[in-house]
Amino acid sequence: MLETIRFKLNGRPVRLEVNGERTLLWVLRTDLGVTGPKYGCGEGLCGACTVLADNEAVLSCQITIKDIAGSEITTIEGLAQNGKLHPLQQAFVEHAGFQCGYCTPGMILKAYSLLADNPTPSRQDIIDGMDENLCRCGAHTRIVAAIETASRRMKGGMK
Amino acid sequence: MKSSSKMSRREFLKRLGVLGGGVIIGFNTFDSRLWARKPRAGFLGAGIPTDFNAFLRIGANNRIALYTGKIEMGQGVMTSIPQLLAEELYVNIEAVDIIMGDTDLCPWDAGTFGSLSIRHFGVFLREAAVEARGVLLELAADRLNAPIGRLATENGFIFDSSSPTLRVSYGELTQGNIIEKYLDDLPPLKPLSAFEIMGKSVPRRDALEKVTGTAKFSGDIRLKGMLYAKILRQPAHGAKLIKADTAAAKKIDGLQIVEQGDFIAVLHKHPDVAQQGLARINAQFDRPKTGINDRTIFDHLLKSTPTPEIASQGGNLKTGEKKAATVIEKTYYNSYVSHAPMEPHAAVADFDGKKLTVWASTQTPFRVKDMIAGQLDLSADQVRVITPYLGGAFGGKSASQQALEAARLAKRLRKPVQVAWSRAEEFFFDTFRPAAIVKIKSGIDSAGKMTLWDYNVYYAGMRGSKQFYEIPHHKEVVHGRWRGLSGRYHPFAVGPWRAPANNTNTYARDMQLNLMAAKAGADPLQFRLAHLKDRRMLNVLRAAAEKFGWQPIKTPSGRGYGIACGIDAGTYVAFMAEVEVDKGSGSVDVKRVVCAQDMGVVVNPEGAATQMEGCITMGLGYALAEEVRFSDGELLDLNFDTYSIPTFSWLPKIETVILENPNLAPQGGGEPAIIGMGGVVATAIYDAVGAAVFQLPMTPERVKAALRQV
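The numbers attached to residues start from 1 for each chain and follow its sequence in the written order. All chains are assigned letters beginning with A, and all ligands numbers beginning with 1, in the order in which they are written. Note on the predicted model: pLDDT of at least 70 is required for a residue's local features to be given, and 80 or more for side-chain atom pairs to be given and counted; whole-chain, interface and lining totals, by contrast, use all residues. Computation of side-chain values covers all heavy atoms of the structure but excludes hydrogens and water.

1. What about the overall build of chain A?
Labels follow the DSSP assignment, with helices taken as runs of H or I lasting at least four residues and strands as runs of E lasting at least two, numbered in each case from the N terminus. Per the secondary structure count, chain A includes five helices and five strands. Starting at the N terminus and walking to the C terminus, you meet the elements of chain A as β-β-α-β-β-β-α-α-α-α. Each radius of gyration reported is based on C-alpha atoms, and the globular scaling rule is 2.2 Å times the count of residues to the power 0.38. Taking 15 Å as the expected radius of gyration for a compact globule of 159 residues, we find that chain A reaches 15 Å, a close match to that expectation. When its C-alpha atoms are laid out on the principal axes, chain A stretches across 45 × 30 × 25 Å. Buried residues in chain A amount to 60% of all 159 residues. Note on classification: 1.4 Å probe, protein chains only; a residue is buried when its accessible area is under 20% of the maximum for its type, exposed when over 50%, partly exposed between these limits.

Structure (structure tokens):
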């Protein structure tokens with residue numbers, strides 16, 4: 001059943017004629033060609049597909065396109081503003097908070113959501129908040145350090 | 001099997017022609033000196049060109065293009081390999097662009113594995129750079145009309161040292177062309193002591209792309225008209241398809257089905273719709289009943305074992321046993337372990353009727369090219385494999401069956417096809433780290449000196465089995481390597497897993513050593529030091545002890561301190577850890593890990609430390625939790641709900657030490673720091689509660705069982 005779904009993607013309005021039951025991850029990756037969100041497990045177990053829906057981290061492999069109608073969706077592609085990296089992105093670069101980079105979009109967006117809820121997290125808050133995002137390369141210590149740095153620089157603001 | 005490794009002159013020039021430019025620089029006659037070169041030897045070297053032009057091209061704008069068959073899977077060679085070239089060519093690192101893993105553009109390469117990129121390929125690259133620079137100096141001598149002895153090079157320019165304003169850039173000399181001119185003799189490589197670019201941390205080249213989402217992995221390749229394929233899989237290894245009814249799937253609008261015998265694929269412009277189509281296929285399989293599962297596997301493997309090979313030996317085992325006052329005989333086990341990279345295998349293939357282009361997540365693009373050409377009846381030059389970023393691999397992306405699947409479908413349909421495995425497919429087709437058994441019989445005399453080491457390892461392999469302690473009577477026998485035993489012995493495919501064999505060997509060796517130390521009433525560190533003469537091993541152990549703050553005490557001490565050490569990929573590595581064991585639940589909390597490493601000259605210290613941290617974190621998984629469960633060929637762990645890998649909450653405090661060893665050429669860095677993780681955690685558990693765990697992973701159940709034996 002095709003239906004019309006409207007939402008905002010990285011600041012731009014999108015209108016799709018689409019089966020509303022389709023998964024957000026695949027609509028983003030194929031219909032819209034936005035490949036930042038990654039497939040890692042398909043069952044909401046790894047966090048590689050994380051995107052922001054109205055500034056909150058959601059697992060795009062677990063929700064349908066119908067679910068996000070009217071929402072503002074941000075993928076990793078939409079985080080930098082006017083060519084300027086978001087402080088989280090900048091901190092991930094500086095700390096080398098990644099190796100293969102496959103989990104990185106999900107990590108950064110999950111951290112964004114974490115800092116939105118708790119701008120001055122303790123190290124333990126970061127560990128608890130990030131625990132469901134998997135990284136196989138073992139970049140964890142550097143990811144934690146990057147989030148700490150970004151949090152310090154952002155001083156509670158999101159830009 | 002067609003081989004792309006031996007390249008004719010004509011093919012070679014054609015390949016270089018693909019890169020544009022291509023007018024051979026200023027020499028009328030063919031320079032025979034290149035062909036007088038002794039060809040390189042060995043499996044890893046024989047196919048690698050001797051012509052330096054294969055490795056680099058200098059643009060008219062003085063930018064250097066570096067070509068390598070190596071791939072970037074997170075290990076950071078995209079950043080460190082250019083350091084090698086910049087060093088020998090005397091150019092800025094920023095002036096080097098790197099092109100990786102493209103079989104049409106890059107010199108042949110056996111694959112990215114074995115921590116060989118720097119220590120093996122790096123040498124060829126440096127040789128190429130040295131010769132290129134020598135030739136450029138000859139060209140500059142003509143151009144500047146100055147004797148070659150007076151010329152100096154800096155930042156991509158050659159100048160007359162007696163008159164520095166007289167200068168010419170590399171790019172002005174080459175104009176972007178191949179340099180058809182060679183040297184009679186290859187000048188020596190820069191001495192290690194003269195390194196200026198190597199040894200400095202440089203920022204990762206892939207950072208910006210990876211934090212902005214522009215980094216392309218194979219599954220991110222988008223071609224016009226591309227179809228996504230989902231393939232019907234058997235439910236268990238060894239299962240045979242009896243029949244498949246595709247009628248219901250065919251009703252889905254836009255779905256295409258390819259049936260070739262057992263191979264059934266459904267394709268659609270949306271991968272999720274293709275997946276729905278696949279689910280509608282009603283297939284029946286004949287499933288094997290083998291009785292082999294993750295509990296019976298060790299008996300099965302020991303029933304008939306592969307031909308033994310001796311890794312090392314000395315003295316006489318009988319004498320060693322006679323001289324022993326105490327003999328300890330133990331058997332160690334480790335389960336199958338998955339690679340589980342975050343990116344499942346993916347490939348995109350496109351066939352234009354003549355040329356098949358395949359983007360694939362693979363560690364071995366040239367081998368994949370040959371495999372595809374062979375299987376699809378194409379000539380080697382009709383197949384091009386391009387390797388985008390890999391989302392982790394760890395040895396698991398060598399077989400690359402997904403690339404063949406995509407290629408087969410693209411060739412048949414004449415449409416671009418993507419095959420991206422699901423997580424379940426990733427687990428099912430993984431080439432696991434083999435289950436293995438180690439039997440050790442060792443002895444100490446009344447003075448606490450080791451007299452005997454009778455070591456037999458089954459199925460893990462050779463790496464890390466050789467003896468490096470001073471034990472007068474020893475023999476290390478390897479019964480089967482990880483390669484070549486999949487069908488006959490293991491119920492599914494096995495393969496190389498980060499530092500293959502060495503994790504198993506180091507775990508068994510270090511646990512046994514601590515049991516010996518305990519019998520001798522010795523501190524585990526002192527016990528090791530007393531049996532070592534090898535300087536490098538002594539150095540890494542002492543460095544780790546210093547960082548850790550190790551105070552000698554006999555084990556078990558109740559402190560929960562563990563120790564392990566070994567050699568991998570030419571690198572020496574020592575580990576110390578502190579754990580806390582919950583006696584009630586059997587769960588183990590690793591609080592702290594120190595790792596000291598001597599890897600010779602360090603090309604990129606920051607990159608090397610990152611690899612060490614990654615190894616330590618990943619290694620906690622096989623030490624404590626990772627184990628593939630299966631029964632009758634069916635995999636019972638197909639996603640991360642039941643197969644646990646280390647997460648943020650597992651994080652110990654990690655401290656790394658890299659020893660300075662400026663007189664040794666760079667050694668391996670991607671694997672060594674994982675080899676001791678089983679051993680260091682096992683010996684720490686033993687030290688904490690006196691429980692020796694003889695099977696990896698050391699799950700709470702196994703720790704509790706071991707506690708009952710105390």
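Having put the structure on the table, let's press on.
2. Structural notes on the sheet that holds strand β14 (residues 346-351) of chain B
Residue and element names in this part refer to chain B. In this description, strands pair whenever DSSP reports at least two bridges between them. On the basis of which strands lie adjacent, the open sheet formed by seven strands has the order β9-β10-β7-β17-β14-β15-β16 and mixed pairing. Two strands lie at the open edges of the sheet, namely β9 (256-260) and β16 (383-386), each paired on one side alone. Between one strand and the next, the sheet's axes are offset by a mean angle of 25°, whatever the strand orientation. Two elements, strand β15 (residues 356-360) and β16, share four bridges in a ladder whose sense is parallel. When the bridges of β16 are listed, L356 appears paired with V383. Axis angles are defined between N-to-C directions and span 0 to 180 degrees, where every axis is a line fitted to C-alpha atoms and, for a helix, only to the segment in contact.

3. Observations regarding the domain arrangement of chain B
Residue and element names in this part refer to chain B. An automatic or database domain assignment supplies the start and end points of every domain. In terms of domain boundaries, chain B breaks down into domain 1 (9-204), domain 2 (218-287 + 345-420) and domain 3 (297-337 + 431-707). In this structure, domain 2 and domain 3 have C-alpha centres spaced 38 Å apart. For any pair of parts, buried area is found by adding up, for both, the accessible area (1.4 Å probe) each one loses once the two are put together. The contact between domain 2 and domain 3 buries some 700 Å² in all, and 56% of this surface belongs to carbon and sulfur atoms. Salt bridge, as used here: a side-chain nitrogen of Lys or Arg that lies within 4 Å of a carboxyl oxygen of Asp or Glu. Here domain 2 is connected to domain 3 by one salt bridge. Close ionic contact of E634 with R287 constitutes a salt bridge, the shortest N to O distance being 2.6 Å. A 3.5 Å cut-off defines polar contacts: any pair of N or O atoms within that distance qualifies, except that in protein one atom must be a possible hydrogen donor and the other a possible acceptor, and neighbouring residues in sequence count only when both atoms are side-chain atoms. Run the count over domain 2 and domain 3 and you get three residue pairs in polar contact (both at pLDDT 80 or more).

4. Comments concerning the side chain of B:R233
You can see B:R233 is positioned in the loop between β7 (227-231) and β8 (240-245). The contact criterion used is simple: two residues touch if any of their non-hydrogen atoms lie within 4.5 Å. Not counting the four nearest positions on each side in its chain, B:R233 is found in contact with B:F285, B:Q401, B:E405, B:W421, B:E425 and B:F429.

5. Re the sheet that holds strand β3 (residues 96-100) of chain B
Residue and element names in this part refer to chain B. Strand order in this open sheet of three strands is β1-β2-β3, and the pairing throughout is mixed. Of all the strands in the sheet, just β1 (56-58) and β3 have a single pairing partner and so form its edges. The average angle at which neighbouring strand axes cross in this sheet is 20°, direction not considered. The sheet contact formed by β1 and strand β2 (residues 64-68) spans three bridges and is antiparallel. Its bridge partner being in β2, R57 is matched across the sheet by A65. Docked against the sheet, helix α4 (residues 117-144) engages β1 and β2, running at close to 30° with respect to β1.

6. Some remarks on the environment of B:D598
Residues and elements named next belong to chain B. Within the secondary structure layout, D598 lies in strand β23 (residues 588-598). Since its relative accessible area comes to 4%, D598 is described here as buried. It is 29 Å that separates the C-alpha atoms of D598 and S335, two residues lying 263 residues apart in sequence. Setting aside anything within four residues of it in sequence, one finds D598 in contact with R536, V540, G570, T571, Y572, L659 and N661.

7. Focus: the layout of surface pockets
Only protein atoms enter the calculation, which uses a 1 Å grid: trapped sets of points that fit a 1.4 Å probe without letting it out are cavities, open sets showing protein on both sides within 12 Å along at least five of seven lines are pockets, and any residue with an atom within 4 Å of a point is a lining residue. Grid points are joined across faces, edges and corners, and a volume is the space filled by probe spheres set on the points. Space inside the second largest pocket adds up to approximately 870 Å³. Surrounding the second largest pocket, 47 residues form its lining, A:Y39, B:K230, B:Q275, B:S422 and B:R423 being those nearest its centre. For the lining of the second largest pocket, the elements supplying multiple residues, two or more each, are α1 (24-31) of chain A together with β7, α8 (271-279), β17 (417-420), α13 (423-428) and β25 (634-635) of chain B. Ranked by the residues each element gives to the lining of the second largest pocket, the list is headed by α8(B), at five residues. Residues that form the lining of the second largest pocket fall into these classes: 23 nonpolar, ten polar and 14 charged. In the scheme used here, Gly and all other residues not listed as nonpolar or charged are polar, with Ala, Val, Leu, Ile, Met, Phe, Trp, Tyr, Cys and Pro taken as nonpolar and Asp, Glu, Lys and Arg as charged.

8. With respect to the side chain of B:K190
All names here are of chain B. By the element assignment, K190 lies in the loop between α5 (170-174) and α6 (207-212). A polar contact is formed between the side chain of K190 and the side chain of E87, at a distance of 2.6 Å. If we skip the residues at most four places from it in the chain, K190 touches E87, E88, Y90, R126 and F195.

9. A word on the pairing of strand β6 (residues 163-169) of chain B
All names here are of chain B. The pairing of strand β5 (residues 157-160) with β6 spans four bridges and is classified as antiparallel. Looking at the pairing, D160 lines up with S163 of β6. Between β5 and β6, which pair antiparallel one after the other, the connecting turn spans two residues.

10. A few points about the state of the cysteines
Simply put, the disulfide is a covalent bond whose two ends are the sulfur atoms of two cysteines. Residues and elements named next belong to chain A. For this text, the term disulfide refers to a pair of cysteine sulfurs within 2.5 Å. On inspection of all chains with the given rule, the structure shows zero disulfides over all chains. We note that C46 lacks a disulfide partner, and the nearest cysteine sulfur, in C41, lies 3.8 Å from it. As a non-bridged cysteine, C100 has C137 as the owner of its nearest cysteine sulfur, 3.7 Å distant. A relative accessible area of 3% places C100 in the buried class.

11. Points about the interface of chain B and chain A
Interface size is commonly expressed as the accessible area that is lost once the parts come together. Across the contact, 56 residues belong to chain B and 47 residues belong to chain A. Both faces combined, the contact of chain B with chain A buries some 4,100 Å², and carbon together with sulfur accounts for 61% of it. Sorting the residues of chain B by area buried against chain A places B:V211, B:M342 and B:F648 first, and these three jointly supply 21% of that buried surface. Remark: the boundary between chain B and chain A carries six salt bridges. We note a salt bridge from B:D220 to A:R29, for which the minimum N-O separation is 2.9 Å. There are 26 residue pairs in polar contact (both at pLDDT 80 or more) connecting chain B and chain A. Among the elements of the structure, α6, α8 and α17 (605-624) of chain B are those that each provide at least two residues to the side of chain B that touches chain A.

12. A look at the packing of aromatic side chains
Residues and elements named next belong to chain B. Two rings belonging to Phe, Tyr or Trp (six-membered ring only in the last case) form a pair when the distance between their centres is within 6.5 Å. Interplanar angles under 30 degrees mark stacking, angles over 60 mark edge-to-face geometry, and anything in between is tilted. Counting across every chain of the model gives 23 aromatic pairs over all chains. Seen in terms of ring centroids, F427 and F640 are 5.9 Å apart; in terms of plane orientation they differ by 70°. Their pairing is edge-to-face. Residue F427 is found in helix α13, and its partner F640 is found in the loop between β25 and β26 (653-658); the two are separated by 213 residues along the sequence. Through successive ring pairs, a cluster of aromatic residues spans Y336, F432, F492 and F630. The rule is short: NZ of Lys or CZ of Arg within 6 Å of the ring centre and within 35 degrees of the ring normal puts a charge over the ring. The cationic tip of R408 hangs over the ring face of F263; the distance from NZ or CZ to the ring centre is 4.3 Å.

13. Re the pattern of salt bridges
Where side chains of opposite charge bring their charged atoms close, a pairing between them can arise. Residues and elements named next belong to chain B. Across all of its chains, the model carries 41 salt bridges over all chains by this definition. Of the charged contacts, one joins R204 and D206 as a salt bridge, the two residues approaching to 2.9 Å between their closest N and O atoms. Of the two residues examined, R204 and D206, each falls in the buried class. Between K250 and E259 there is a salt bridge, with the nearest N and O atoms lying 4.0 Å from each other. Relative accessible area serves as the criterion here: at 39%, E259 is assigned to the partly exposed category. Taken together, the shared-partner salt bridges connect E72, R204, D206 and K210 into one network.

14. Remarks on helix α3 (residues 77-89) of chain B
All names here are of chain B. A helix's residues, less one, multiplied by 1.5 Å, set its expected span. For α3, spanning 13 residues, the distance from its first C-alpha to its last is 18 Å, which sits close to the expected 18 Å at 1.5 Å a residue. Here α3 lies mainly inside the structure; 13 of its 13 residues are buried. Y90 occupies a position one or two residues after α3 and carries a positive phi of about 60°.

15. Comments concerning empty space enclosed by the protein
Residues and elements named next belong to chain B. Applying the stated criterion to the full structure yields one cavity of 30 Å³ or more. Space inside the largest cavity adds up to approximately 40 Å³. In terms of lining, the largest cavity is formed by L44, I48, K70, D109, A110, G111, L116 and H120. In terms of residue class, the lining of the largest cavity is built from four nonpolar, two polar and two charged.

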